[in-house]
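# Structure at a glance
Each chain is listed here by its residues.
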Amino acid sequence: MTKPFDISKAMVWAAYQSVKRAGGGPGVDGQTMEDFERDLKNNLYGIWNRMSSGSYFPPPVMRVVIPKRGRGQRELGVPTVGDRVAQAVVKARLEPMVEPRFHDDSYGYRPGRSALDAVAKARDRCWRDNWVLDLDIEKFFDSLDHDLVLRVVRRFTSCRWSLPYIERWLKAAVQLSDGSRQAQNLGTPQGGVISPLLANIYLHLAFDDWMKRETPHIHFERYADDIVVHCRSEKQARWIQGRIKARLAKCRLALHPDKTRLVYCHDSRRSESAECETFDFLGHTFRPRSSKNHRGELFVSFSPALSRRAATAMRQIVRRSWKLKERTFLYLRELARRLNPIIRGWINYYGRFCRSALGPVLGRINTAIVEGAMRKFKRLRRRRTRAEVWLKGVARREPQLFAHWKYQGWMTRAV
């Protein structure tokens, strides 16, 4: 029997594998990935059968509230495992069609591009241009107009069967913590597999392509809804801010009045001063910093390093999530095995541009290990100095045990 939509079983299988690699918790049905895999063949067949016949309707997404960096909270919409697989099918079909048309300065959620690529490009352009317009789109994911999203998707794809499914995901109800359900007239839930791609498609036409067409001489970096625009002068920055504000209003979006700022890229070559000389972008703070040139001479460079907010979040993870004082049952080698992937990720991401800024965070990891040892070993209780000497002795004997020790030479010197 011929199905109306050309969706192969191989596509569903590949989508399931991508969802499994990404991980994630259960949705409104409480089904985990392990539960889903207990009847994997029938579950995947059911998704394929309903999607290829056009009868697939997504279940509600589960609302999860997490704290944002700084103040406030962020609302996520967590789909069920099966719905994530269905979304991954549409993403796999749609992404190859839209990806070649995206702007070179769009970095978010794109294959072969990363947040660090965006930070590196922003650093280079801050050295060239004097001013930065740090844009913040107010409640972007919550404000997307469904009709406009569907209109821009139609301009990108010849895959017509994807459109009804995208519309159903946009309008899928949200289940609140008390079990009640809320209809959605605006926005796309953060947490969905398809949401980042829809955001990129929307902002490509609303911002990227418009900037390329209207102001090709002004450069920018965009990672999802996080945007930095580079300008030669304050006058140019204020002019383009007005243009962007008007453009986004046409697309039913708005700039946040308090978080959108003009920033002067102060360094040794620029003698002016301004009210704002710092901004945050993708977990890095750009500001004037003391640096040395190849001759060892000091100069001021406008460059990125680990932001204060990111550092605070990392320290909270060490203190609240790792809870090393309560893991006294673990041997030190097992503890290192569990923590090293996280530590390496921090070092690889935040240590690329100014690794020394990571020092206090890496030191906090050592402090947590020391406090765990003080609780575990009687001979170290209430004797912090002795516990610190003990840890330095371990580091000297096994300098590769924890991933960050090789960046802390003082840890591995003889004690």
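First, a word on scope: everything that follows refers to the structure included in this document. Given the structure is predicted, the values throughout are model-derived calculations rather than measurements.

## As for the overall build of the protein
Along the protein, the regular secondary structure elements total 15 helices and 11 strands. Taking the principal axes of its C-alpha atoms as reference, the protein extends roughly 75 × 60 × 40 Å. Partitioning the contacts of the protein with sequence separation of at least 6, the portion at a separation of at least 24 is 65%. Carbon and sulfur atoms make up 48% of the accessible area of the protein, which totals about 21,600 Å².

## What about the environment of Tyr 223?
Relative to the helices and strands, Tyr 223 is located in strand S6 (residues 220-223). For Tyr 223 and Arg 168, which are 55 residues apart along the polypeptide, the C-alpha to C-alpha distance reads 26 Å. Apart from residues lying up to four places away in sequence, Tyr 223 is in contact with Tyr 107, Gly 108, Tyr 109, Ser 114, Ala 115 and Leu 282.

## A short note on the pairing of strand S10 (residues 284-292)
Relative to S10, strand S9 (residues 279-281) is paired through three bridges, and the arrangement is antiparallel. Each bridged residue has a counterpart across the sheet, and for Asp 280 the counterpart in S10 is Thr 285. A loop of two residues connects S9 with S10, the two strands running antiparallel in sequence, and Leu 282 in this loop sits at a positive phi of about 55°. Two strands pair when backbone bridges link them, and S10 and strand S11 (residues 298-306) are joined in this way by nine bridges, in the antiparallel orientation. From the neighbouring strand, Arg 287 faces S11, where its bridge partner is Ser 303.

## Let's talk about the packing of helix H1 (residues 9-22) against helix H3 (residues 40-53)
Two elements in contact, H1 and H3, have axes separated by 10 Å at closest approach and are oriented at 120°. Between H1 and H3, the crossing angle belongs to the class labelled oblique. As for how H1 packs across H3, the hand of that crossing is right-handed. Every residue of H3 that contacts H1 at Lys 9, Val 12, Trp 13 and Tyr 16 is listed here: Leu 40, Leu 44, Tyr 45, Ile 47 and Trp 48. When its residues are assigned to classes, the contact of H1 with H3 shows eight nonpolar, no polar and one charged.

## As for the sheet that holds S10
With antiparallel pairing, the three strands of this open sheet are ordered in space as S9-S10-S11. Each edge of the open sheet carries a strand with a single partner, namely S9 and S11. The mean inter-strand angle of the sheet, taken between neighbouring strand axes irrespective of direction, is 50°.

## Observations concerning the side chain of Thr 157
Of note, Thr 157 is situated in the loop between helix H7 (146-156) and helix H8 (162-171). The class for Thr 157 is buried, based on a relative accessible area of 5%. Within the structure, the side chain of Thr 157 is placed 2.8 Å from the backbone nitrogen of Cys 159, a separation counted as a polar contact. The contacts of Thr 157, once residues within four sequence positions are left out, are Leu 94, Met 97 and Ser 162.

## A word on the packing of aromatic side chains
Considering all chains together, one arrives at 20 aromatic pairs under this definition. Judged by centre distance (5.6 Å) and plane angle (50°), the rings of Tyr 109 and Tyr 223 are tilted. With Tyr 109 in the loop between helix H4 (81-98) and helix H5 (115-128) and Tyr 223 in strand S6, the pair connects residues that are 114 residues apart, well separated along the chain. A residue is classified by how much of its surface remains accessible, and Tyr 109, at 45% relative accessible area, is partly exposed. Through pairs of rings, three or more aromatic residues link up here, namely Phe 5, Tyr 56, Trp 161, Tyr 165 and Trp 169. Here the guanidinium or amino end of Arg 101 rests over the ring plane of Phe 156, the centre of that ring lying 4.6 Å away. Lying over the aromatic face of Tyr 107, Arg 113 brings its terminal NZ or CZ to 5.4 Å of the ring centre.

Calculation notes
Residues numbered from 1 in each chain as written. Predicted model: local features only at pLDDT ≥ 70, side-chain atom pairs only at ≥ 80, totals over all residues. Heavy atoms only, no water. Helix = DSSP H or I, 4+ residues; strand = E, 2+ residues; numbered from the N terminus. Contact = heavy atoms within 4.5 Å. Areas by Shrake-Rupley, 256 points an atom, 1.4 Å probe, with all protein chains shown as cover. Pairing = 2+ DSSP bridges. Axes fitted to C-alpha atoms, helices over the stretch in contact; angles between N-to-C directions. Parallel < 35°, antiparallel > 145°, perpendicular 65-115°, else oblique. Left-handed = near helix turned anticlockwise from the far one by under 90°. Nonpolar A, V, L, I, M, F, W, Y, C, P; charged D, E, K, R; others polar. Buried < 20%, exposed > 50% of the residue type's maximum accessible area, 1.4 Å probe, protein only. Polar contact = N/O pair within 3.5 Å; in protein donor to acceptor, adjacent residues only side chain to side chain. Phe/Tyr/Trp six-rings, centres within 6.5 Å; stacked < 30°, edge-to-face > 60°. Lys NZ or Arg CZ within 6 Å of the ring centre and 35° of its normal.

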